[in-house]
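# Examining the three-dimensional arrangement
Each chain is listed here by its residues.
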Amino acid sequence: MARSMLIISRQAPWAGPSAREALDIVLAGGAFELPLGLLFLDDGVFQLTKAQQAASLEQKDLTANLQALPLFGIDSLFVARSSLTERNLDESSLALPVEILDDAGLSTLINRYDHVITI
Amino acid sequence: MKFVIALFAPPHSPAARRALRFAEAVLAGGHEIVRLFFYQDGVHSASANVVAAQDELDVAAEWSRFVSANQLDGVVCIAAGLRRGVLDAGEAQRYQRPAANLAAGWELSGLGQLHEAAQQADRLVCFGGQ
Amino acid sequence: MATLHLLSHSPFSDGRFNSCLPLLGDTDALLLAGDATYALTAGTKPATELEQLPEQVALFALEEDVQARALGMLPTRVQLLDYAGFVELTCRYERINSWL
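Let us look at the structure shown here. All of these numbers come straight from a predicted model, not from anything done at the bench.

### Topic: the pattern of salt bridges
For the structure on display, the rule yields 19 salt bridges over all chains. Between C:Arg95 and C:Glu94 there is a salt bridge; the shortest N-O distance is 3.9 Å. Among the residues examined, C:Glu94 registers a relative accessible area of 34% and is labelled partly exposed. Here the salt bridges share partners, and the residues they tie into one network are A:Glu21, B:Asp41, B:Arg83 and B:Arg84.

### Section: the interface of chain B and chain A
With 17 residues of chain B at the contact, the number on the chain A side is 18 residues. At the boundary of chain B with chain A, total buried surface from both sides reaches about 1,500 Å², with 58% on carbon and sulfur atoms. Counting every contact that joins chain B to chain A gives 3 salt bridges. Between A:Glu21 and B:Arg83 there is a salt bridge whose closest N-O contact spans 2.7 Å. Remark: the boundary between chain B and chain A carries 10 residue pairs in polar contact (both at pLDDT 80 or more). Elements supplying a minimum of two residues to the side of chain B that touches chain A: helix H3 (78–84), helix H5 (112–120) and strand S5 (123–127) of chain B. Ranked by the residues each element gives to the side of chain B that touches chain A, the list is headed by H5(B), at 5 residues. In terms of residue class, the side of chain B that touches chain A is made up of 9 nonpolar, 4 polar and 4 charged.

### Things to note about the interface of chain B and chain C
Taken together, the contacts link 19 residues of chain B with 21 residues of chain C. For the pair chain B and chain C, the summed buried area comes to about 1,500 Å², and 64% of that belongs to carbon and sulfur atoms. Contact with chain C buries surface across chain B, with B:Arg18, B:Arg123 and B:Gln130 losing the most and accounting together for 36% of the total. For the pair chain B and chain C, the interface holds 1 salt bridge. Between C:Glu64 and B:Arg17 there is a salt bridge, and its shortest N-O distance comes to 2.8 Å. For the pair chain B and chain C, the number of links is 7 residue pairs in polar contact (both at pLDDT 80 or more).

Parameters and conventions
- Residues numbered from 1 in each chain as written.
- Chains lettered and ligands numbered in written order.
- Predicted model: local features only at pLDDT ≥ 70, side-chain atom pairs only at ≥ 80, totals over all residues.
- Heavy atoms only, no water.
- Salt bridge = Lys/Arg side-chain N within 4 Å of Asp/Glu carboxyl O.
- Buried < 20%, exposed > 50% of the residue type's maximum accessible area, 1.4 Å probe, protein only.
- Contact = heavy atoms within 4.5 Å.
- Buried area = accessible area lost by both parts, 1.4 Å probe.
- Polar contact = N/O pair within 3.5 Å; in protein donor to acceptor, adjacent residues only side chain to side chain.
- Helix = DSSP H or I, 4+ residues; strand = E, 2+ residues; numbered from the N terminus.
- Nonpolar A, V, L, I, M, F, W, Y, C, P; charged D, E, K, R; others polar.

Shown next as structure tokens:
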């Protein structure tokens, strides 16, 4: 059976290439149809907010890539409730459908995967 | 056990030395390193152009020696490397850059190599930060 | 099954420590390396939080980092490791979550 991997993305989209490079790991694994999960934690939840304008900073649009994840067979998308709450965000603030987990749920989630990469 | 060791930090970061000492201990403990994979700022730890002061530890050079001496599979992410100016001869030529700087022992390849190695490994251990 | 979390940033200047602690499950473990070992500094909030982790959560630190920083008066629950011990620990836990 293929080994699973959880990628935990915890950087804001405008903090350098980290958010994109976390996503690239996910997309590369998706190409092999590996069992992957992607969790947005801490400032990583800012990757999900609506109506961001990448052109304002001469950057590429990350949201479009995130929204395309299900097309690549990656639909295990999770968000930390505590990270949303801390930032006064909720489900309606997010640009794509995700499963929101509390701390206990996150702990269980991490322990479900064979490998974890937190960026 | 079979390990993949991934480094995300440049050679001047304590994490680059920590990863190296960990990798040495993995082999000393009788375990196998399936692959080393350098990603993000870790690609700088595979640069041959790092010059450490004479009385300072040269982590990038030690990594290169470690990979060569143990004939390990050492992969540097090509996209992360290009973005940060770590090129082999082929990429330097392709993008018409004046020099290649990938240290001996390493090869540039894609992120698929990380996944492929993780499929074979019992443990993936990442090093980065401080 | 259990996860070994690895922290290397100082709890006094970085949010990783605070984000990591609530995610530690009962059988998980925490390894402090680099500036994260400053969390062991006696009389500080991070040290108190480490003391208050559930008893089953094992706490480790890299000995070289503790020595380099001249940290004394360590919490009794912390176990110090050399690199051989670090490798052995990664074999004992099923996955390693490094907070890069």
